[in-house]
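A look at the structure
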Amino acid sequence: MKALILFYAVFLVLGTAAVNAAPGNGCDQIEQRINDVSATIDQNATAYWMHRANFVDLIYGPSSEVVPNARALAEQEKAEANSLKAGMPNNLASLKGLAIAAEAQNCPAQLPAIAEPRIKLAKRVNFDQFPPEESLEEATTPGPHRMPH
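This write-up is about the structure you can find in this document. Every chain's residues receive numbers from 1 upward, in the order its sequence appears when written. Confidence filtering applies because this is a predicted model: local features only for residues at pLDDT of at least 70, side-chain atom pairs given and counted only at 80 or more, and all residues used for totals across whole chains, interfaces and linings. Each side-chain value is derived from all of the structure's non-hydrogen atoms; neither hydrogens nor water enter the calculation.

Focus on the overall build of the chain
Runs of H or I in DSSP of at least four residues are treated as helices and runs of E of at least two as strands, each being numbered from the N terminus. Within the chain one finds six helices and zero strands. Reading the chain from its N terminus to its C terminus gives the helix and strand order α-α-α-α-α-α. Each residue's exposure class comes from its accessible area (1.4 Å probe, protein chains only) as a fraction of the maximum for that residue type: buried when under 20%, exposed when over 50%, partly exposed otherwise. Across the 149 residues of the chain, 28% fall into the buried class. If you take every contact in the chain between residues at least 6 apart in sequence, the share linking residues at least 24 apart comes to 78%. In these tables, accessible area is a Shrake-Rupley quantity obtained with a 1.4 Å probe, and a residue counts as shielded only by the protein chains included in the view. Entry remark: accessible area of the chain is about 9700 Å², with carbon and sulfur atoms responsible for 62%. Pairs of residues are marked as contacts when any of their non-hydrogen atoms sit within 4.5 Å.

Encoded structure:
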């Protein structure tokens, strides 16, 4: 009887240790969250770069000369880009945390690898700076437009 109890106790301890160390323990949830946050970063970064490109076009490009309210529209583009940029640090921190959790849970190695390109993408948005706007006087003086540095 003691041998059976001892066998059962060893089985419980080893079984619990195997479950805790096995990949898949929470990995499905972590993978879903990595995919969700990655998709948010992708969408917000794409929208950010679109708004930034529109801003540059409205200040420096052909639209600056043909769109009557180009400066006001450029400011709207900049404001929308900045609102997307404002949420990026939280998304970045969340994705980094999920990648660490995936490694800690012994999830498949592709989960942190999925996160890495999005981490770089989020960092690019975080560190980006809009080119300086021309002053109103510079915009009305004749001569070629200066390109941002």
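Anyway, onward from the coordinates.
Examining unusual backbone geometry
For N106, which is not a glycine, the phi torsion comes out positive at approximately 60°. Here N106 lies in the loop between α4 (70-104) and α5 (110-127). Exposure remark for N106: the relative accessible area of 40% places this residue in the partly exposed category.

A closer look at the nonpolar core
Nonpolar core, defined: a set of buried Ala, Val, Leu, Ile, Met, Phe, Trp, Tyr and Cys residues in which side-chain atoms within 4.5 Å join the residues together. If you look at the biggest cluster of nonpolar residues, it comprises 28 residues, and the most contacted ones within it are I34 and L95. Mapped by element, the contributors of at least two residues to this core are α2 (27-60), α4 and α5. Residue contributions to this core peak at 11 residues, all from α2. Apart from residues no more than four positions distant in its own chain, L95 is found in contact with I34, V37, S38, I41, A115, R118 and I119.

Structural notes on the state of the cysteines
A pair of cysteine sulfur atoms is labelled a disulfide when the two atoms are within 2.5 Å. Counted according to the given criterion, the structure contains one disulfide. Disulfide pairing is shown between C27 and C107; the S-S distance is 2.0 Å. Its S-S torsion of approximately -95° makes the covalent link between C27 and C107 left-handed. Remark: C107 occurs in the loop between α4 and α5 and C27 occurs in helix α2; sequence separation between them is 80 residues.

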